[in-house]
Amino acid sequence: MSETIRISIDGKVMAAQPGDSILQTRLHGPDAVTANIGCMGQGVCGSCRCLVRKAGERDTVSRLACETVVEDGMQVSFIDYYQPDHVHHYRPHDLRDGWQTLPQLQQTFPETAHCRHCGGCDRACPRGIPVQQGIALASRGELPAAAALFDPCIMCNLCTLACPENIRPNHVGLYLRRAQAIQNLRPGELLRRLDQQARGQLAIDTTAYLARSSS
Amino acid sequence: MEKLNQVLLNPAVQVGPDLAAWLHAGGGLGLQAALGAPSAIIRCIADADLRGMGGAGFPAWRKWEATANAVGDCKYVVCNGNEDEPGTFKDRTLLSASPHQVVEGALIAALAVRARCLIFYLNPHQDSSLHTMQQAVSQWQDSPWLDKLSHALGHPLDIKVVASSGRYIGGEETAVVASLEAGFPFPRKKPPFPAEQGINNQPTLINNVETLANVSHILRHGAGWYRALGVGKACGTKLYSLSGDVLRPGLYELPMGSSLQELVFHYGGGMLQGKAFKAVFTGGPSNTLLTARDLDVALDFDSVWLRHSRLGTGAMIVISEGSSIIRKVAEYIDFFAKGSCGQCPSCKCGTFQLARLLDRVDGGRHSPADLDALQHLCQILPGSGRCGLIDGAVTVVKSSLHTFPEEYGLLVQQTA
Amino acid sequence: MNAAIEYQQASQNRASHATPPRRADDLSVAALLAQYHPDHAADASTLLHIGPSRGQPCHPRLAQLLQSNALIDGFDLAGAEQRSTDVLVLGGGGAGAAAALTAARSGAAVMLASKLRLGDSNTVMAEGGIQAALAASDSPQQHFDDAMRGGHHAADPQLLAQLASDAPGVIRWLIELGMHFDLADPLSDGGKLRYKQAGGCSQPRILCYRDYTGLEMMRVLRETVELEPGIQLLNRCPVVELLSHQDGSCAGAVLYDLEYQRFIVVSARQTILATGGCGQLHLQGFPTSNHYGATADGLVLAYRLGAQLRDMDAFQYHPTGVAWPPRLRGGLISEAARSAGALLLNGLGERFVDELAPRDVVTAAMLRECAAGRGIERDGQLGLFLDLRPLCGPGLPTLASQLPALQHLADKCGIDPTRDPLLVYPTLHYQNGGVVIDSQGQSSVPGLLCAGEITGGIHGRNRLMGNALLDILAFGRRAGRQAARQAQAARNKSSLPHLRGGIEHVYRWQRQLALAGLDASQPAPLLYPGQARLTLHRPASARA
């Protein structure tokens with residue numbers, strides 16, 4: 001473990017141990033880290049998005065800092081998160097009617113039809129989701145297939161950032177997934193349990209455990 | 001004022017779409033000369049040292065020769081009139097006020113490279129130029145000139161006027177090709193260069209409007225005449241789009257190599273409200289800033305290059321003391337961020353982050369770490385895109401950081 | 001480090017058994033916990049000297065923060081931006097989102113301030129699932145009984161009963177917002193949910209979405225909050241102090257806006273703290289599975305304002321944190337792995353505990369193995385094996401399809417789960433205690449409600465798998481509803497703008513610190529873990 005790696009993060013050169021992630025290395029820097037950080041390595045919060053350029057390479061790629069292992073000479077710039085001015089407003093109860101899902105999608109996310117197939121979203125996605133295909137499926141009305149592609153999405157918004165047509169693909173995917181659950185999920189045992197509770201059944205005896213534990 | 005507007009903006013050639021008026025003003029003589037000796041055209045252009053006026057300043061004859069020598073049975077010539085850069089407004093003026101000098105130059109180019117197809121690729125957001133060019137081209141199509149040209153070529157020449165997407169990125173050479181092939185102007189990797197494999201893999205010559213506008217004059221008056229127009233080693237004239245904090249902004253045609261001082265203070269009438277000259281954004285505006293130290297620079301491609309900047313399209317956006325460089329840079333980076341085509345996440349995300357950081361600096365709510373981050377982005381982004389958009393964006397940011405560190409508060413911190 | 005068995009040797013020991021032998025339990029649960037659970041270490045508890053819960057036990061590191069000075073003083077409020085709202089929610093995890101949504105739907109004007117970004121929280125990291133007694137064979141009563149037993153009978157029975165009763169309604173609410181749950185049969189078309197077994201439970205009761213239930217939940221909640229017109233969202237605005245009225249009630253909070261580097265004073269009729277726990281304090285030197293922001297901020301501020309706390313010496317150390325590679329140390333391996341059959345093995349290749357015992361028991365058993373030299377050492381990291389082979393047998397669905405997050409983790413560790421075990425070690429996971437609340441989330445300070453991990457009493461001294469995701473929503477919604485109700489009542493009483501609060505309570509606190517002879521030089525809340533401290537930017541003129 002004596003070998004030390006040097007990487008530069010947002011203009012600060014930092015020492016790292018082999019096997020460390022970019023995010024871990026960043027925590028050793030001189031400034032308190034207050035953004036682009038959340039789950040610390042699980043790779044689910046999507047906050048630590050960054051641009052990475054390896055030494056001697058021409059390509060600069062988007063990555064999650066918590067899942068990227070440092071290499072000597074690596075250069076890293078973090079990418080801000082912020083809510084864009086233009087978002088697509090809808091409310092969950094708008095999604096109840098499955099026959100309306102496609103027309104509403106077109107109304108809520110009209111840009112979906114404008115995809116010009118540049119592939120930037122696919123290249124930007126740290127999860128390897130075929131984002132562009134998802135958008136193509138969605139605009140064709142193949143909604144379950146489109147929704148399924150966005151299942152592992154962590155909402156890092158890199159595809160939204162990468163899209164030159166302002167499509168916000170991850171939000172389209174989430175819209176479709178939500179519509180699916182809202183329309184289809186009616187578990188019988190949940191319906192019965194809620195009905196029992198509405199009738200005042202199944203109240204909990206909060207003292208019974210005392211008797212049981214003393215016996 | 002005898003040096004002003006000698007050729008392209010000469011009042012005598014501002015005849016609009018009327019072909020008869022153009023011919024009356026001496027039009028057609030260049031094409032006639034070309035038809036007399038088609039094989040000598042490229043030589044003549046080379047002798048004149050005509051440069052690519054779209055921004056590169058690359059000797060025009062090299063692309064012509066490469067296209068002429070490349071193998072292909074359906075070569076193309078494209079007149080690139082996509083002009084969309086902030087501060088550049090020369091091509092639209094030429095296209096709407098004197099379209100025939102552009103068409104005639106393009107016809108000569110088609111003859112020189114033996115093209116089968118000539119396309120005028122024009123920005124639809126400038127609708128007067130698109131409309132005027134359609135009128136102008138149809139008059140040529142009905143004239144005997146085109147028969148003579150077909151005869152010389154040995155095959156007919158197809159001429160089209162096409163509206164471009166109007167996006168900034170659509171002016172890049174490979175994006176022009178992509179746009180004319182498939183619709184969306186996605187830049188492509190080079191090589192291959194369009195002169196070898198362009199539209200439908202055919203050799204394609206792509207020249208800027210201003211470049212082609214000069215051609216008929218050169219053929220008519222000779223290379224020596226053109227060379228003599230310039231100052232010193234520079235040849236010909238240049239259209240300078242002067243804007244910003246000057247008294248008389250506008251389009252000026254001056255001898256190539258006229259000084260910045262002359263442009264701003266003589267022709268431009270000096271600084272607005274007598275404020276001191278601070279800097280000028282040249283060409284895209286994606287180049288290194290020129291400052292008061294550079295007022296003596298000769299505005300030709302080579303001289304500006306020696307000052308580590310570029311003449312670019314000849315746009316000169318002048319900034320006075322009292323205007324914020326950072327605000328301007330932020331505005332341009334925003335333009336680039338919106339114009340980025342999306343193919344390369346590094347460009348789309350990189351320009352976004354540059355814009356975010358500049359917005360914070362401009363708003364005075366940045367931390368020292370934000371300035372480090374800004375400088376760092378300038379290191380990791382160049383070269384990461386397929387085209388030069390990200391490089392241009394970085395150049396202007398880097399230059400403003402280098403030239404005006406005090407505006408970023410960089411010097412203040414060092415002394416504090 | 002204790003003596004341990006070297007990784008290669010341990011791997012050979014494991015390979016020598018076709019079926020791993022299970023060593024018989026030779027210690028009672030009580031003795032095991034007393035001897036090996038970190039809560040029972042000699043240096044894991046002290047008594048609070050000042051404040052509403054003085055005399056009660058508390059972990060020393062936490063006590064230090066609870067009994068500390070404020071980050072700001074009166075000057076910082078001068079010239080700060082002033083805002084007001086009906087309900088101010090502090091915290092951007094599941095509890096904060098649920099509280100904000102419910103308050104907004106109840107008609108209140110809501111402001112939600114988050115230290116990081118909305119959703120960057122422990123909620124999004126939850127893997128295993130959420131408990132709800134839905135099966136015909138199950139009942140809220142059994143849910144209650146299991147949790148009461150799991151928490152060593154230390155839970156507040158009323159709160160726990162509400163938790164279990166609220167569960168079905170919470171699941172319905174989540175489905176109405178668009179959250180998915182795993183189905184028992186993918187072809188059953190939404191009719192039957194899959195129930196998974198949790199440690200310490202009498203029957204399978206965990207609902208989940210793959211093994212990223214929290215991600216699925218949080219992405220739906222975040223989208224709903226972001227698109228809710230009644231909620232004003234302030235990302236990157238940590239709370240640095242609460243505001244109080246003369247009568248000691250809560251009057252809102254002082255935020256620090258990181259984007260604009262300035263203070264914002266928010267006057268609120270009701271304030272809901274949903275700031276989570278304290279994993280980033282690394283109590284007892286343990287790694288943590290918690291997200292970056294878990295620094296006990298809300299606890300510190302609530303205590304300073306006068307809110308009573310309980311069980312501040314009871315923490316959950318999740319048995320299966322990653323021990324190797326060091327880069328991922330402390331990261332969580334869901335209990336879903338053991339629920340699906342994964343085994344814990346010591347360096348001798350033996351099983352030493354029922355993998356589905358309550359978490360504190362499994363953790364204590366693991367620490368006992370390590371203390372006895374039966375732990376496993378790899379590259380300087382100490383741990384035990386989590387053997388995934390039972391999940392990867394022939395005829396079983398692939399790990400990637402069953403537990404995609406676990407497969408993803410194995411990939412990051414460079415491990416083939418069909419062959420190699422993961423090296424695991426307990427990781428600081430959950431704060432069992434916290435602010436004392438009533439059934440509506442009301443703390444002992446009027447105007448201040450709490451929801452989520454910051455609260456105490458719901459789970460007692462140990463929490464079962466799947467009850468945290470339930471708790472944050474059940475009590476988040478209750479607190480949101482109650483806050484909206486109270487704000488409405490206040491507005492009905494007087495249409496005058498509500499009074500601005502101040503920080504009188506801070507001065508009272510400083511007197512107590514001084515009189516008790518406590519060190520007032522270290523300010524809290526910490527806001528961010530790590531050595532580098534955030535400098536709060538102050539206009540120079542205010543200091544002159």
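Throughout, a residue's number is its position along its own chain's written sequence, starting from 1. By the order in which they are written, chains take letters starting at A while ligands take numbers starting at 1. Since the coordinates come from a predicted model, pLDDT governs what is reported: local features require at least 70, and pairs of side-chain atoms require 80 or more to be given and counted, while whole-chain, interface and lining totals use all residues. Each side-chain value is derived from all of the structure's non-hydrogen atoms; neither hydrogens nor water enter the calculation.

Asks: Would you take a moment to explain the packing of aromatic side chains for this structure?
Replies: What characterises a pair of aromatic rings is the spacing of the ring centres plus the angle enclosed by the ring planes. All names here are of chain B. Side-chain rings of Phe, Tyr and Trp (the six-membered ring for Trp) are treated as a pair once their centres are within 6.5 Å; stacked means planes under 30 degrees apart, edge-to-face means over 60, and tilted covers the remaining angles. This structure, assessed with the given rule, holds 19 aromatic pairs over all chains. A centroid spacing of 6.3 Å and a plane angle of 45° characterise the contact between Tyr252 and Tyr267, whose relative ring orientation is tilted. Of this pair, Tyr252 sits in strand S6 (residues 250-255) while Tyr267 sits in helix H12 (residues 260-267), and the two are 15 residues apart along the sequence. In terms of burial, Tyr252 and Tyr267 fall into one category: buried. Segments assigned H or I by DSSP are reported as helices when at least four residues long, segments assigned E as strands when at least two residues long, and all are numbered from the N terminus. Whether a residue is buried, partly exposed or exposed follows from its accessible area with a 1.4 Å probe, protein chains only, as a fraction of its type maximum: under 20%, in between, or over 50%, in that order.

Asks: What is the right way to look at the sheet that holds strand S5 (residues 75-78) of chain A in this model?
Replies: For sheets, the rule is that strands pair by backbone hydrogen bonds, running either parallel or antiparallel. Residue and element names in this part refer to chain A. One requirement defines pairing of two strands: DSSP has to find at least two bridges between them. Spatially, the 5 strands line up as an open sheet ordered S2-S1-S5-S3-S4, and their pairing is mixed. Each end of this open sheet is capped by a strand with a single partner; those strands are strand S2 (12-16) and strand S4 (61-64). Pairwise comparison of adjacent strand axes, ignoring direction, gives a mean angle of 35° for this sheet. Across 4 bridges, the pairing between strand S3 (residues 49-53) and S4 is antiparallel. Residue pairing across strands places Val52 opposite Val61, the latter belonging to S4. Simply put, an axis is a line fit to the C-alpha atoms, just over the touching stretch for a helix, and the angle between two N-to-C directions goes from 0 to 180 degrees.

Asks: Hey, could you run me through the interface of chain A and chain C in this one?
Replies: Taken together, the contact between chain A and chain C spans 67 residues of the former and 72 residues of the latter. Carbon and sulfur atoms supply 54% of the area that chain A and chain C bury against each other, a total of about 5,700 Å² over both sides. Accessible surface is computed with a 1.4 Å probe, and the buried area is the amount of it that two parts give up when combined, taken over both parts together. Ranking the residues of chain A by area buried against chain C places Thr34, Arg193 and Ile204 of chain A at the top, with a combined share of 11%. Salt bridge, as used here, is a side-chain nitrogen of Lys or Arg placed within 4 Å of a carboxyl oxygen of Asp or Glu. At the boundary of chain A with chain C, the tally comes to 5 salt bridges. Asp151 of chain A is the salt-bridge partner of Arg210 of chain C, the closest N and O atoms lying 3.1 Å from each other. Distance and chemistry together define a polar contact, namely a pair of N or O atoms within 3.5 Å, with one atom able to donate a hydrogen and the other to accept it when in protein, and with adjacent residues in sequence counting only for side-chain atoms on both sides. Summed over the shared surface of chain A and chain C, the result is 35 residue pairs in polar contact (both at pLDDT 80 or more). Those elements giving two or more residues to the side of chain A that touches chain C turn out to be helix H1 (22-27), helix H7 (169-184), helix H8 (188-198) and helix H9 (208-214) of chain A. For the side of chain A that touches chain C, the leading source of residues is H7 of chain A, giving 8 residues. Two residues form a contact once any of their heavy atoms are found within 4.5 Å.

Asks: Got a minute to help me understand the pairing of strand S13 (residues 315-322) of chain C in this structure?
Replies: Walk down a regular strand and you will see the side chains alternate between the two sheet faces. Residue and element names in this part refer to chain C. Of all 8 residues in S13, 8 are buried, a share of seventy percent or more. The pairing of S13 with strand S17 (residues 422-431) spans 6 bridges and is antiparallel. Residue pairing across strands places His318 opposite Thr427, the latter belonging to S17.

Asks: Looking at this structure, I do not really get the domain arrangement of chain C. What am I missing?
Replies: One widely used convention gives an interface's size as the accessible area the parts lose upon coming together. Residues and elements named next belong to chain C. Structurally, chain C comprises domain 1 (5-36 + 321-429) and domain 2 (74-314 + 432-493). What marks off one domain from the next here is an automatic or database domain assignment. If you average the C-alpha positions of domain 1 and of domain 2, the two centres end up 31 Å apart. Counting residues at the interface gives 26 residues for domain 1, matched by 24 residues for domain 2. Both faces considered, domain 1 and domain 2 share a buried interface measuring about 2,100 Å² in area, 55% of it formed by carbon and sulfur atoms. Here domain 1 and domain 2 share 18 residue pairs in polar contact (both at pLDDT 80 or more) between them. Among the elements that line the side of domain 1 that touches domain 2, the one with the most residues is S17, at 5 residues. In terms of residue class, the side of domain 1 that touches domain 2 is made up of 15 nonpolar, 7 polar and 4 charged. Ten residue types, Ala, Val, Leu, Ile, Met, Phe, Trp, Tyr, Cys and Pro, are classed as nonpolar, four, Asp, Glu, Lys and Arg, as charged, and the remainder, Gly among them, as polar.

Asks: Quick question: what am I supposed to make of the domain arrangement of chain A here?
Replies: Residue and element names in this part refer to chain A. Each assigned domain of chain A is listed with its residue range as follows: domain 1 (5-78) and domain 2 (82-215). In this structure, domain 1 and domain 2 have C-alpha centres spaced 30 Å apart. Taken together, the 7 residues of domain 1 in the interface contact 9 residues of domain 2. Summed over both sides, the interface of domain 1 with domain 2 buries roughly 690 Å², with 51% coming from carbon and sulfur. Of all residues in domain 1, Arg49, Ser62 and Leu64 bury the most surface against domain 2, accounting for 61% of the area lost on that side. Linking domain 1 with domain 2 are 0 salt bridges. The interface formed by domain 1 and domain 2 holds 3 residue pairs in polar contact (both at pLDDT 80 or more) in total. Partitioning the side of domain 1 that touches domain 2 into residue classes produces 3 nonpolar, 3 polar and 1 charged.

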